[in-house]
Amino acid sequence: MRLHRKVGRWGVQMFDFIQSKPEPKELRPHQRKAIELLRSSLGVGKKRVVVQGPTGFGKTLVAAKIIESALAKGNRVIFTAPAVSLIGQTVEAFEAEGIYDIGVMQADHPRTDPTCRVQIASVQTLARRSIPSASLVIVDECHIRSTVIEDLMDKRPDLFFVGLSATPWAKGMGLRWQGLVIPCTISELIEGGYLSRFTAFAPDVPDLSGVKVARGDYVEGALAEVMGEAALVGSVVDTWLEKGEDRPTLLFGVNRAHAGQLAAEFERAGVASAYVDAFTDRIERARINRLFEAGEIRVICSVRTMTTGVDLSVSCIVDAAPTKSEM
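Parameters at a glance
Residues numbered from 1 in each chain as written. Predicted model: local features only at pLDDT ≥ 70, side-chain atom pairs only at ≥ 80, totals over all residues. Heavy atoms only, no water. Helix = DSSP H or I, 4+ residues; strand = E, 2+ residues; numbered from the N terminus. Buried < 20%, exposed > 50% of the residue type's maximum accessible area, 1.4 Å probe, protein only. Contact = heavy atoms within 4.5 Å. Areas by Shrake-Rupley, 256 points an atom, 1.4 Å probe, with all protein chains shown as cover. Lys, Arg positive; Asp, Glu negative; His and termini not counted. Charge placed at Lys NZ, Arg CZ, Asp CG, Glu CD. Core = buried A, V, L, I, M, F, W, Y, C linked by side-chain atoms within 4.5 Å. Expected span 1.5 Å × (residues − 1). Axes fitted to C-alpha atoms, helices over the stretch in contact; angles between N-to-C directions. Parallel < 35°, antiparallel > 145°, perpendicular 65-115°, else oblique. Left-handed = near helix turned anticlockwise from the far one by under 90°. Nonpolar A, V, L, I, M, F, W, Y, C, P; charged D, E, K, R; others polar.

Caption draft 1: Expanded view of the overall build of the protein. Secondary structure assignment for the protein yields eleven helices and 15 strands. Dimensions of the protein, computed from the C-alpha atoms along their principal axes, are close to 75 × 55 × 40 Å. Taking all 327 residues of the protein together, the buried fraction comes to 43%. Considering only contacts within the protein whose residues lie at least 6 apart along the sequence, 67% involve residues at least 24 apart. For the protein, the computed accessible surface area is about 18,500 Å², with 51% contributed by carbon and sulfur atoms. Positive and negative side-chain charges in the protein, numbering 40 and 39 respectively, have mean positions lying 9 Å apart.

Written out as structure tokens, the structure is:
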């Protein structure tokens, strides 16, 4: 922000706050390639195209550039997020790129303004509201299939849809989306210095032979029972103490009870930890994030809550939730 001084009609000095437009970020080569491939796919008549980019690819920045282009042509845009908790950081990310004509579709949200040319909503909210006028719909985490988006595809074949996902492999996506562009791979981003190299440790191989499988993955309750055995829980903590180098860590458990059990075990070992789930409110989550960034919390334990829209300085991951899912 900067101050602009002006003189009123009675000679009184007054000050207006004028928002300085931020310097736009320069697109990285893989981000430019993503937009080029998207334009080519849309240019041959495909109206529903998915852009695949790994975590750390910069999908939100790519989305901002797509929105800038749409607004320059006089079009309106709907951007959907998979959860209400992601709305605020999406608004901030777009404003950081100089996009301010933003309305938020959310009950009692201070940014509610249906006249804005960019409307941001969670898919849950969109399902309960009238769909605003738009030419382009951007669907973040589009592998999380939603009825409202698929119904909109059926009712509005004139609209363009751009999907964003690191893992666009959900069953049935190919029946809805017409194109997939893959500008880069994880290994290419690592080689280019955009993602970190990593070392993986697998100290235990749990016996899952007795765990039932349903819909292509382990049954949660039975899996949590196996993974919650004292020896395995203790091994997770002992391995972190031996290999984790006291790094800021995200840990993923099978379910809420298992993640909470692991958080308690870390505390017993003298490691400051926190537990987050879908019911942790925004204020508490912000407090945990601050303590985590300050180094006062070393391990955040959750189930899947901390997999999307997380912007923390993390350098260790503990995956204590075996899965058969490729995603």
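Past the structure itself, the notes keep going.
Caption draft 2: Examining the nonpolar core more closely. Formed by 36 residues in total, the largest nonpolar core has its most connected members in I67, F94, I99, I120, I138 and V162. Here the element with the most residues in this core is helix α2 (residues 59-72); it accounts for eight residues. Contact partners of F94, with chain neighbours within four places excluded, come to T60, A63, A64, I67, F79, I99, I102 and I120.

Caption draft 3: Fine view of helix α1 (residues 29-43). The first and last C-alpha atoms of α1 sit 21 Å apart over 15 residues, in line with the 21 Å expected at 1.5 Å per residue. Next to the buried residues of α1 lie β3 (48-52), α2, β8 (160-165), β9 (179-181) and α7 (186-191). After α1 finishes, the residue G45 shows a positive phi value of roughly 105°.

Caption draft 4: Highlighting the packing of helix α9 (residues 230-243) against helix α10 (residues 256-268). Across the interface, α9 lies against α10 with an axial gap of 10 Å and an inter-helix angle of 50°. Classified by the angle between their axes, α9 and α10 sit oblique to one another. Between α9 and α10 lies a crossing of right-handed hand. Contact residues: α9 offers V233, V236, V237 and W240, while α10 offers H258, Q261, L262, E265 and F266. The residue makeup of the contact of α9 with α10, split by class, is six nonpolar, two polar and one charged.

Caption draft 5: Summary view of unusual backbone geometry. At D108, a residue that is not glycine, the phi angle is positive and equals roughly 60°. Mapped onto the elements, D108 comes out in the loop between β5 (102-105) and β6 (118-122). Not every positive phi belongs to a glycine, and E245 is a case in point at roughly 55°. With respect to the element layout, E245 can be found in the loop between α9 and β12 (249-252).

Caption draft 6: Summary view of the side chain of T167. Structurally, T167 is set in the loop between β8 and α6 (173-176). Accessibility expressed as a relative area gives 15% for T167, which makes it buried. Setting aside its immediate chain neighbours within four residues, T167 contacts H143 and M327.

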